[in-house]
Amino acid sequence: MPTIQRPLPSPSALTQPFWEATSQGRLEIQRCTKCATFHHPPVPQCSHCRSIELGWVEVSGRGTIAAATIVRNSRLKGMEGKTIPIIGAELEEQANLILLSNLVNAEAEEAVIGRPVEVVFEEIGGGFALPQFRLTQRTNA
Amino acid sequence: MSYRIRNEVVVLGTALAKAKKTNPPNVSAMVVDTCTEAVEASGLSWSDIDGLTTFPIVPGVGGTVDPFGRRTSLEGIEWVGVNYLAETLGLHQLRWWNSHDRGTVSVAFMSAVNAVAAGVCDYALVWKSMAVPTGGLAQPDEGGAPGEDQFTVPYGLGGLWLPRFALPYSQYCARYGATREHMATYVVNNRANGARNPHSVFYEKPITREDYLNDPMISEPLSKLDSDMFVAGCGALVVTRAELAADSPVKPAYVVGQSMGGVRTTHPPFVLWDDWAANAKHQANDLWKNSGLSPADVDSFTSYDGFAWFVYCWLEAMGFCGEGEAHQFVQDGRIARDGELPVNCAGGSLGVGRMHGTVQLIEAARQVQGVAGPYQVDGAEISVCAGGGAAISGSATFAFAKTPH
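Residues numbered from 1 in each chain as written. Chains lettered and ligands numbered in written order. Predicted model: local features only at pLDDT ≥ 70, side-chain atom pairs only at ≥ 80, totals over all residues. Heavy atoms only, no water.

**Things to note about the overall build of chain A**
Here's step 1: A count of helices and strands for chain A gives one helix and eight strands.
Here's step 2: Mapped from its N terminus to its C terminus, chain A presents α and β elements in the order α-β-β-β-β-β-β-β-β.
Here's step 3: Taken over the C-alpha trace, chain A has a radius of gyration of 16 Å; the compact-globule value for 141 residues is 14 Å, and the two agree within 12%.
Here's step 4: Seen through its principal axes, chain A has C-alpha atoms that stretch 45 × 35 × 25 Å.
Here's step 5: For chain A, the proportion of its 141 residues judged to be buried stands at 48%.
Here's step 6: Restricting to contacts in chain A with at least 6 residues of sequence separation, those with at least 24 account for 54%.
Here's step 7: Here chain A has roughly 6800 Å² of accessible surface; of this, 46% comes from carbon and sulfur atoms.
Here's step 8: With 13 positive and 14 negative side-chain charges, chain A shows a spacing of 4 Å between the two charge centroids. (Helix = DSSP H or I, 4+ residues; strand = E, 2+ residues; numbered from the N terminus. Rg over C-alpha atoms; globule rule 2.2 N^0.38 Å. Buried < 20%, exposed > 50% of the residue type's maximum accessible area, 1.4 Å probe, protein only. Contact = heavy atoms within 4.5 Å. Areas by Shrake-Rupley, 256 points an atom, 1.4 Å probe, with all protein chains shown as cover. Lys, Arg positive; Asp, Glu negative; His and termini not counted. Charge placed at Lys NZ, Arg CZ, Asp CG, Glu CD.)

Structure representation (structure tokens):
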């Protein structure tokens, strides 16, 4: 059971596909249909080739911790007093394709840069499922 | 790119109000008083001022609730913009004004330098006022987290800025082996500088290494002592063309170089270390090219330090030390007022209060004017100011000289 009452996302037309996919247990990231560049958060126009034809594709959900901080004694509404490991999870599909997320099923101190992670989904109410990451034993190829 | 106005623009008078932990009844009088002091320190009167610019944004939110239930800030009470100041003082002679919606005071200053150089006005006043947010920490609306917040706030980002700035710094620490032991040296030095500055909120309040190392973590590896403190305050500068200052009794600070930052090259929900570093490098390279100076020429360096690690970023980008070496460079008294490269001798943001780069800009001008008082670097002839946080904060850098260079 979640012990945290998280603020819920407020999707727009641009971001709705992301949350629809996560609610069905899939991690989909926006990708340009012309040049195949991934974008997160989603964008109205591709910053690589300037196409406006952008689609959504499912990704592996595997990645590496690229940045990490542990929030102590959070002051955010619904999370007051909690210890929260926040990571930048760099997905294996593309360099610098990073989801900001939490490390779950681990001690906060295990949020260490370079460790491999994989996505899991946490239902947070309102029909939303939040992509989170847990440590894996996978070694980086 | 060819810089065309080296030595053509000077800073005359500057003024800095005492930074305070609590707000005055309104910031209007504080801004008027501080700006008047800068005008008079320039040997001028208000009727001479025909250019105005500021970066008016106050971080956080005010205690006022608008008819739609949104917390907001009131002009004249919590901030002062160009229209307000012009109307309050009846500055009918204005020929140029401009308000900046991103950055620090450095971007406003750069626009003033270029406006007087172009001749669209003669004497431009640049100021920055700040107030302590009275509405509490920013929290997501009841309706949920919109925009890019939907990819950050549900994860516990928000409420405070620290986690957003801890993430890129975590990359620096992991890559180069920097620790809080290293950073303690910088923060303690800056607070010692602030403790000597009567305008600092921390005047006569230095801290020890133990204070820093024992400060509770807010977002590892950052504690509150890594972040500047909210204050009410104001700073102001007057710029003009060197030719107009030729007969002035005020010693000028010549603007001998300037540069402005670009945009980040990736757009994850937070800015990566590499983006900060690349953007700072881009600005630093332009500054050296525009000014014809090199790091060895610099007698005094002021760096934006709203978060302490910005100083590492700038020291490396400017070439005062190598990539990944700043945490070592700041050790051993090297950045003290009598050190190899004095850094933020007035106290910067960490040592004075959250003034969005105003203290750094004023100190840089004062150092080469020889009027820096308790934070004067002996014999300073060249100063460099990195006025913002480099990558996302819209920043500009400047080189000042005591004489035309």
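This is not the end of the story, as more comes after the structure.
**Here's the deal with the packing of aromatic side chains**
All names here are of chain B.
Here's step 1: With the rule as written, the count across this model stands at 26 aromatic pairs over all chains.
Here's step 2: Between F301 and F320 the ring centres are 4.9 Å apart and the planes differ by 55 degrees, which places this aromatic pair in the tilted class. Taken as a pair, F301 in strand β11 (residues 300–303) and F320 in the loop between α8 (309–317) and α9 (326–329) lie far apart in primary sequence, 19 residues in all.
Here's step 3: A relative accessible area of 0% places F301 in the buried class.
Here's step 4: Feature note: the residues W161, F165, Y169, Y172, Y176, W273, W276, Y304, F307, W309, F310 and Y312 constitute an aromatic cluster, connected by ring pairs.
Here's step 5: One cation-aromatic arrangement involves R191 over F202; the distance from NZ or CZ to the ring centre is 3.7 Å.
Here's step 6: A cation over a ring is seen here: R354 above F230, with NZ or CZ 4.3 Å from the ring centre. (Phe/Tyr/Trp six-rings, centres within 6.5 Å; stacked < 30°, edge-to-face > 60°. Lys NZ or Arg CZ within 6 Å of the ring centre and 35° of its normal.)

**Topic: the sheet that holds strand β6 (residues 123–130) of chain B**
All names here are of chain B.
Here's step 1: Taken in spatial order, the nine strands make up an open sheet running β5-β2-β6-β9-β1-β10-β13-β12-β11, and their pairing is mixed. With partners counted over all chains shown, the strands left at the sheet margins are β5 (96–99) and β11, one partner each. Strand-to-strand, the axes of this sheet are offset by a mean angle of 25 degrees, without reference to chain direction.
Here's step 2: Where β11 lies against strand β12 (residues 382–386), four bridges are found, and the strand directions are parallel. For S300, the partnering residue across the bridge sits in β12 and is S383.
Here's step 3: Contacting β10 (253–260), β12 and β13 (396–401), helix α7 (residues 273–291) crosses the sheet at an angle of about 140 degrees to β10. (Pairing = 2+ DSSP bridges. Axes fitted to C-alpha atoms, helices over the stretch in contact; angles between N-to-C directions.)

**Side note on helix α3 (residues 105–118) of chain B**
All names here are of chain B.
Here's step 1: Compared with an ideal rise of 1.5 Å per residue, which puts 14 residues at 20 Å, α3 spans 20 Å between its outermost C-alpha atoms and is within 8% of the ideal.
Here's step 2: Of all 14 residues that make up α3, twelve are buried, and the element is covered over most of its length.
Here's step 3: All buried positions along α3 are accounted for by V105, S106, V107, A108, F109, M110, S111, A112, V113, A115, V116 and A117. (Expected span 1.5 Å × (residues − 1).)

**Focus: helix α5 (residues 180–195) of chain B**
Here's step 1: Taking 1.5 Å per residue, 16 residues should reach 22 Å; α5 of chain B reaches 21 Å between its end C-alpha atoms and fits that length.
Here's step 2: In this structure T179 of chain B caps α5 of chain B, since a side-chain oxygen of it lies 3.2 Å from the backbone nitrogen of E181 of chain B. (Polar contact = N/O pair within 3.5 Å; in protein donor to acceptor, adjacent residues only side chain to side chain.)

**Things to note about the interface of chain A and chain B**
Here's step 1: Each partner contributes residues to the interface: chain A has 38 residues there, and chain B has 37 residues.
Here's step 2: Between chain A and chain B, a total of about 3100 Å² is buried, with carbon and sulfur atoms accounting for 64% of that surface.
Here's step 3: For the chain A face of the interface with chain B, the top three residues by lost area are R75, L76 and L100 of chain A, together amounting to 21%.
Here's step 4: There are one salt bridge connecting chain A and chain B.
Here's step 5: Between E220 of chain B and R72 of chain A there is a salt bridge, and its shortest N-O distance comes to 2.7 Å.
Here's step 6: Applying the counting rule to chain A against chain B returns 14 residue pairs in polar contact (both at pLDDT 80 or more).
Here's step 7: Elements with a contribution of two residues or more to the side of chain A that touches chain B: α1 (16–23), β4 (62–71), β5 (84–91), β6 (98–102) and β8 (128–135) of chain A.
Here's step 8: Sorting elements by how many residues they give to the side of chain A that touches chain B places β4 of chain A first, with six residues.
Here's step 9: Tallied by class, the residues present in the side of chain A that touches chain B amount to 23 nonpolar, eleven polar and four charged. (Buried area = accessible area lost by both parts, 1.4 Å probe. Salt bridge = Lys/Arg side-chain N within 4 Å of Asp/Glu carboxyl O. Nonpolar A, V, L, I, M, F, W, Y, C, P; charged D, E, K, R; others polar.)

**Observations concerning the side chain of T15 of chain A**
Here's step 1: Within the secondary structure, T15 of chain A is located in the segment before α1.
Here's step 2: Within the structure, the side chain of T15 of chain A is placed 2.9 Å from the side chain of Q150 of chain B, a separation counted as a polar contact.
Here's step 3: In this view, T15 of chain A contacts P42 of chain A together with Q150 and F151 of chain B; residues no more than four positions away in its chain are not counted.

As far as function goes, none of this settles anything; it's purely spatial.
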